[in-house]
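Here are the chains, one letter per residue:
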Amino acid sequence: MSLPHICLAVDLDAFVLNEKVCDVKKNVDQESGSELGVSLIAPITQPNYVNLRLSNDQIQHDILPRIDLHNSRDGQTNPRLSSTLQQPFRNVTATDPLGESGNLNYLSSSRQGVYLHWTIPRAYRSAVSEAAPPPKLPGDTIPVKTDTNPSPRFPLVPNRWLVVRLLQPGWAPTSAKPDLVTAWVIESDRLSNVDDLRVDDNGLPIDLETDVSPFVAWTENATSDLDILNSQAEKYIGLRTPLAKWREQQLRPDQKVNLTVMNSSNPLFADYAPHNANVFSTKDNFFYGRDGNGQPLFLTSAKCDYIVLGWHSDISADPLGTDNAEDLASRLSGLFCASPPPVDASDATTKKLLARTDQTRLICNAARYDVVWSADLPSSIPANDYALNFTHGVDMEPVSVGTSALDAILAFFQAHSNDNLNTEVLGTDGASTAQAIMGIRELLYATEDDYDSRIKAADLVFTHNYGRTPAGFIWRFDKKKDKSGPPIEPSSIRQDPKMHTDPLSQLSEVELIEKINEYQKRLDVASSKLDQLRWAIFAEWFKYLSDPTSRETLYKTRVPLLRIEAGQLQKLVNDIQSQNIDPITKLVDVKKVAQDPFYQRKDPTLCLAGIDAGWDPDFLDNTPTRFSDGLSSAGSETNRPDITACIRLLQDHARFSATTGSGSDADTTTLSQTLAHLLTEASRGFQPPLSRNGHRKWTGQPFKPQFIEWEGIYHHIDWTPDNWDVQLANSALASSNHKQVTYVNPVDLSKLDGPRKDRRPISGRMLILPQPSFALGAVIAQVLDGTPDDLLPASLKDVAARDALKQKAKALKFVSGEMDGLTDALLTMAKGQHVKPNVRKQGDITRPMQAAAAAAKNIDIREDDLVLVSGQSGHTPYGTLMNFDAPDASPIPFKGVQHGQFAITNLVIVDKFGQAVACPFPKRKQRPVDGASSSPPTDELDFIFPCLSEQLIPSVLNGSLNTVYTTQGAHAAATASGVPMTPFIQLQPAINQKARVNAAFLKRVMGQGSSSWWQPCTDWENPIIGWVIVNYADSALQFFTADGTYYTSRQFGGPTGTIESLKWLPFVPPPPSQTGVTAELDQLIAKMGEQLNNAGANYLKALWDIVRAAIPTMPFPPSDYAVYANAIVGKPLALVNAGWSIELAEAPYWRQYTLPAPPIPDSNATIDPLRTEAEANMAKYQFKVKIGDSERPFDGVVAYWDTDNTNTIAKDDPKSSTTTDYNKFWAYSESDVTKGISHLIEPAAYPTLTPYFLHPDSAPDAESFARQHTSKLMVKTLLVDPYTPIHLYSGILPVKSLQLPAWTIQNALKNMTAFFIMGPVLVPRDVPKTYDTNHPLKPDSWYNNPASSTVDDDPIKLPIAGGKGMWNWLQPYLTTKTDKDGVTTQETQYNALSVGAEDGRLRLDPAPYTFVEGYLQLARPLIQPPMPTSG
């Protein structure tokens, strides 16, 4: 028994197009007096594949034209229905206004009717990619030809679609005799040349806009055919044939395409009906015959049902069409399909079917019932209702802008939190739903940003404003470890040279790991720069081909420079991999893991409220399926036509096979049976149980937005201290009292001329994907399900209330998308569909076209250059796209860093059938041109006033929003919720390319002489310099070495105000080679001992005061800290060195426009002067950064000291220094005690970082290259809470955190014991009178050589916690020591004596009593920990 077919539900939409639908209702807005319209019908603007030709008068940056609505006001002139604008001019007179008695009615009856579109399910929208073969090295040839990663492989979509119309009684004209059942078969993949297109299935001339779809067709000779691009404008796909005339044919390769949702070179292709006629959509113009004059006749009204069924003509192209190792259930899950429901009551049969691995078919099916066609307006036109939300008659602005979809939605809620939100915008109970969501706003951010505590860290929302990109790799030691033991550390022991002759193999594991990471760093940078140069070669190719002037020298001088540099980089990349990295991986156990990513701020996200998403609400859920033998019978409606004849045609299964004429093929037999059964099921009207399976009733015009085109103006605000400053501030809309590091404008922007002159019009197109409202519902459900009741608002503690909110969230109406193109435009790059020099067959590698190389031979572009370009051709350079040489043009159009304000001037929302909602309504007026005059905008320039999120609202100056213009009309009144409204979106400073904040703990490495340099600590190196513990009992700061060994203390008191204990006492000093004391720790301690003017005492008091003020703001230590003895004394603080830098992923971008012409490189130049200029401009930026934050309990910075930061590249360079300046330190509190020693960390004193990019050839070897990176770090010596991360806040990149490894804390604390000065204490028994040389006191004596614990023998008894912990009395003895020269000295040494518990009873112990002084030590904590192991 063969496996039943899987019937897959599809969403089918029907749209009525007639003259009245195209006519615009004229209204007059009572407030502005301007004409307003409802929705418009956009003219068909198909991809212009003529612009793929390699000719400077045809090539375009984007072959998808923008929507032009100026001729769409009525059907008589709208090109969607009329050819009026294409008619020849006529002479018009007063007596003959029609012009020579002509007829001005050029409406096309064949274009009027019902348009159907079916949405391709998710099963066909996901792709897989296979790894590319390793790079090839053809000898010493440069550049090296390399195979790139194959393109993702998408499944082929169904290429056969059966469309059936069932006509119900009541059509007009009543005299017409149309077919009651009409069936067509659409061949989606049928390829035709324009010369082959004659007439359609009704004998009418083929309409190239509504009967076929332009398509870029792959041919096997695409790489060698010099005319391949010239012929693309003549290629079309799609063919509709009546079922009665259709039979499957054996097609030649040049008659079909392998069709997927992505291989059309058009991102709108699958979902925008005007672009996929008779592919994924079709029109029904209700043609029913011809009159006596041979003119076509069309029904003027009708009511009908439509049924659509889809399948693959070749079963092997079906995703389920081959035998597979996976069972059916797994295969369906991988295609985002739900498992079919049970076919019997026991479910046993279904389970058996889902476990099978043999082939079957996916059959798509959908139906729309009761579709009404007439020449009148449909009963419901949601697009008109949505358009009214953009008029002055609506109390609320339906537009918001945020850093993400969620941020934009919440910004809308905040702006209208107290409004009476109408149901047209947010549906029923919109206000209550919005208020409930705002109640859990902080928790929503926490979920989206993947942080545990959004409430404590409001500023971490910045992270979601940035897109991540991979940043290369690092190598980790990967030697297997004992399951029950600690991780194995790499060995630092070198191999025996006698056994290993190769110098590399003699290195220790530590050295090998260090070297491989040095090589990897250089490899990653070289690879990144190589990708940049790949695009640069493409850019010169495109600029030349699109340049209408003869300026070959501009490009010809640059191409060789890029070729040479790229070739050298390609060789370097391959050499590092094969000669350096690969050999090391054979010598040491390592694994490669991803490096910290680079970030780039995303363009703002635009969100529109009150508009249904252009996708079925369940689109992101697994698509419902059914087994073909589990289908329903027909419905019960009696007014449907008989489909017997159509069923009979389907049962002729031989028509489904191109090779089998006898009809004996089993597959075509079952295919015809399934199609017949699906048609029968849908033939008798709507059945509600089938609504989940693609069966829906038609309720009026659909409105399903697919993309939004926007226009705006960017005003650049110069980078000067007067214009931009870093402050700790709340935004105008802050929802918490946590201040953020943010850039503000301290000067009145409206009084500056610069932003008015330096302005750019920018436009873009954003696709509406099935995400915003769905994502909001998912995030809300996740928050409500995972948050404890005590953290939820009172209104949501009830389960029923939470469930209700989940459902209401799903009903909210929002669409959104990122405003792609804004940053690109500032970089003078364009994003769109354009010609590329290489072609890529699905699943294959990128290959160059000979035609592309031949077209650019005059600038020395070769085929090898295009091989090197590979896939780096997604963006186009401006070239001559805009003329920046005009007198009123932007003075500096290229912006490597953005800092300005942006205002949206126009929005056009377009749905899948071309319905458009425009804001403002299109009218003929002067639009801003690039670099328009500096005069302020007037009412002629319409602004859109969006609700802005906290991150995007302008800063406040003197109580008002500080914006570029404050002229009349520039600002609107606040919303009813009190939120200020402005058209200007604040674009705070951001680097317009990928960058990251590097952070590392550092160790000081001493070289020859006085030289020293910084080196990042590896995973197994302890970065801690020393420990500082506040001993409140002794009013002292105790200092420990990195491993937890007590070193010394500084105590208040004495004639100088500070007392330094003898180092190491009360313990025996370790051998000099094992002290572990760092120079930094000694230098800090020495500052507290300076006697001049009590400097040391003052320093100690200042540091004590800073620590005392910081500890209350820190989080409590983790519970496991209680098992360490020092928990009874005070919190430990770690002294560390850390460094930060801002690194660019690529060299600074350079300008890409050629009007005016850029400078030509000199004949002896090795680099383009534009690149040198870009690097110099980037080096001018110094971004302030803040280290730590005392107001945020998740940050561990207590104080920090400056270093001289003179780390140089060369090893043992005497100029290289790593000195810490301990004369002053920086902290977050100040008092009279700290004046002159501690300085307040405040914006005016923030340190700065300058972005950098190190070219891979800037150092002679990988080691020097790594040192060069380290030299870019801004290094500070810090006192930190070891349990809490430290953070760097920049305002231009995500917050960067750095935390000590847990093992460094544990290893130190287990060695620490708590002790404090005690005495004099009167004891009834004397202590031993002489020093016991057999028991010297060492830090580890308490567990290696413990004191006696017998209570009767305890010489010291004190009222300690009964029986808990290990208490020792450290008794001092004055001992003498004679050296080898006979010189005798005295020194103090200690023995540990056990302490017993004093029971407090009255006793008369015999005299004499003894006073003793010493230290009381808690060696083991009151909470019993595991005993440490020695060694």
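This text follows the structure it describes.
All values derive from a computational prediction rather than experimental measurement.

The rules behind these values
Residues numbered from 1 in each chain as written. Predicted model: local features only at pLDDT ≥ 70, side-chain atom pairs only at ≥ 80, totals over all residues. Heavy atoms only, no water. Axes fitted to C-alpha atoms, helices over the stretch in contact; angles between N-to-C directions. Helix = DSSP H or I, 4+ residues; strand = E, 2+ residues; numbered from the N terminus. Parallel < 35°, antiparallel > 145°, perpendicular 65-115°, else oblique. Contact = heavy atoms within 4.5 Å. Nonpolar A, V, L, I, M, F, W, Y, C, P; charged D, E, K, R; others polar. Salt bridge = Lys/Arg side-chain N within 4 Å of Asp/Glu carboxyl O. Buried < 20%, exposed > 50% of the residue type's maximum accessible area, 1.4 Å probe, protein only. Pairing = 2+ DSSP bridges. 1 Å grid on protein atoms, 1.4 Å probe; cavity = no way out; pocket = protein on both sides within 12 Å on 5 of 7 lines; lining within 4 Å. Points joined across faces, edges and corners; volume = space filled by probe spheres on them. Phe/Tyr/Trp six-rings, centres within 6.5 Å; stacked < 30°, edge-to-face > 60°. Lys NZ or Arg CZ within 6 Å of the ring centre and 35° of its normal. Left-handed = near helix turned anticlockwise from the far one by under 90°. Patch = residues over 30% accessible without salt bridge, like charges linked within 9 Å, V, L, I, M, F, W, Y side chains within 5 Å. Areas by Shrake-Rupley, 256 points an atom, 1.4 Å probe, with all protein chains shown as cover.

A. Seen up close, the packing of helix 9 (residues 509-545) against helix 23 (residues 1262-1271). Two elements in contact, helix 9 and helix 23, have axes whose closest approach is 8 Å; the angle formed by their N-to-C orientations is 75°. Considered as vectors, helix 9 and helix 23 are oriented roughly perpendicular to each other. Of the residues in helix 23, those in contact with Glu518, Tyr519, Lys521, Arg522 and Val525 of helix 9 are Ala1262, Glu1263, Phe1265, Ala1266 and His1269. Residues belonging to the contact of helix 9 with helix 23 are distributed by class as follows: 5 nonpolar, 1 polar and 4 charged.

B. Layout of the pattern of salt bridges. Taken as a whole, this structure holds 62 salt bridges when the rule is applied. Of the charged contacts in the structure, one is a salt bridge between Arg160 and Glu187, with a shortest N-O distance of 3.5 Å. Here Arg160, found in strand 7 (residues 160-167), pairs with Glu187, found in strand 8 (residues 181-193); they are 27 residues apart in sequence, far enough to count as distant. We note that Arg160, like Glu187, is buried. Arg356 serves as the salt-bridge partner of Asp358, at 2.6 Å between the closest nitrogen and oxygen. When its relative accessible area of 23% is taken as the criterion, Asp358 is described as partly exposed. With relative accessibility at 22%, the residue Arg356 sits in the partly exposed group. Here the salt bridges do not stand alone but share partners, grouping Asp11, Asp13, Arg368, Asp616, Arg696, Lys704 and Lys912 into one network.

C. Just the sheet that holds strand 54 (residues 1296-1298), in detail. Spatial strand order, 47-53-54: 3 strands in an open sheet with antiparallel pairing. Taken across any chain shown, the strands that pair with only one partner, and hence form the sheet edges, are strand 47 (1186-1187) and strand 54. Looking at chain direction, strand 47 and strand 53 (residues 1286-1289) are connected through 2 bridges and run antiparallel. In the strand pairing of strand 53, Lys1186 is matched with Tyr1289.

D. View of empty space enclosed by the protein. All told, the structure shown has 13 cavities of 30 Å³ or more when counted by the stated rule. Considering the residues around the largest cavity, the lining is formed by Ile44, Arg80, Tyr115, Glu209, Thr210, Ala273, Pro274, Ala277, Ser281, Thr282, Lys283 and Phe913. Per element, the largest residue contribution to the lining of the largest cavity is 3 residues, and it comes from strand 11 (residues 281-284). Partitioned by chemical class, the residues of the lining of the largest cavity number 6 nonpolar, 3 polar and 3 charged.

E. Main features of the packing of aromatic side chains. In the structure shown here, the tally under the stated rule is 40 aromatic pairs. Arranged with centres 6.1 Å apart and planes meeting at 65°, the rings of Tyr544 and Tyr555 form a pair that is edge-to-face. Taken together, the positions of Tyr544 in helix 9 and Tyr555 in helix 10 (residues 552-556) put the pair 11 residues apart, joining distant regions of the chain. Judged on exposure class, the residue Tyr544 and its partner Tyr555 are both buried. By the ring-pair criterion, three or more aromatic residues cluster together here, those being Phe1040, Tyr1046, Phe1067, Phe1315, Tyr1390 and Tyr1415. When the ring centre of Phe336 is taken as reference, the NZ or CZ atom of Arg122 above it lies at 4.0 Å. Positioned over the ring face of Phe598 is Arg996, at 4.3 Å from the centre of the ring.

F. Representation of the environment of Val163. As for its placement among the helices and strands, Val163 is situated in strand 7. Val163 sits in the buried class, given a relative accessible area of 0%. If sequence neighbours within four positions are ignored, Val163 has contacts with Leu116, Trp118, Thr182, Ala183, Trp184, Ile186, Thr282, Ile307 and Val308.

G. Representation of unusual backbone geometry within the structure. Geometrically, the link from Leu1155 to Pro1156 is a cis peptide bond, its omega value of 5° lying close to zero. Within the fold, Pro1156 resides in the loop between strand 45 (1132-1144) and helix 22 (1169-1179). Following Gly1319, the chain continues to Pro1320 via a peptide bond in cis, the omega torsion being 0°. Residue placement: Pro1320 occurs in strand 55 (residues 1314-1323). One non-glycine residue with positive phi stands out, namely Ser1035, at about 50°.

H. Layout of the packing of helix 9 against helix 11 (residues 559-585). Where helix 9 meets helix 11, the closest approach of the two axes is 9 Å, and the angle between their N-to-C directions is 155°. Put simply, helix 9 runs roughly antiparallel to helix 11. The handedness of the crossing between helix 9 and helix 11 is left-handed. Broken down by class, the residue content of the contact of helix 9 with helix 11 amounts to 18 nonpolar, 6 polar and 6 charged.

I. Representation of a nonpolar patch on the surface. Side chains of Leu1322, Tyr1409 and Phe1411 sit close together on the surface and give an oily, nonpolar patch of about 340 Å² of accessible area. Accessibility expressed as a relative area gives 60% for Phe1411, which makes it exposed.

J. Main features of the sheet that holds strand 11. Spatially, 2-6-11 is the arrangement adopted by the 3 strands of the open sheet, whose pairing is antiparallel. At either margin of the open sheet sits one strand with a lone partner, and together these are strand 2 (11-17) and strand 11. Neighbour-to-neighbour, the strand axes of the sheet open up by a mean angle of 20°, direction not taken into account. Across 4 bridges, the pairing between strand 6 (residues 113-119) and strand 11 is antiparallel. Opposite Val114, over in strand 11, you have Asp284 as the bridge partner.

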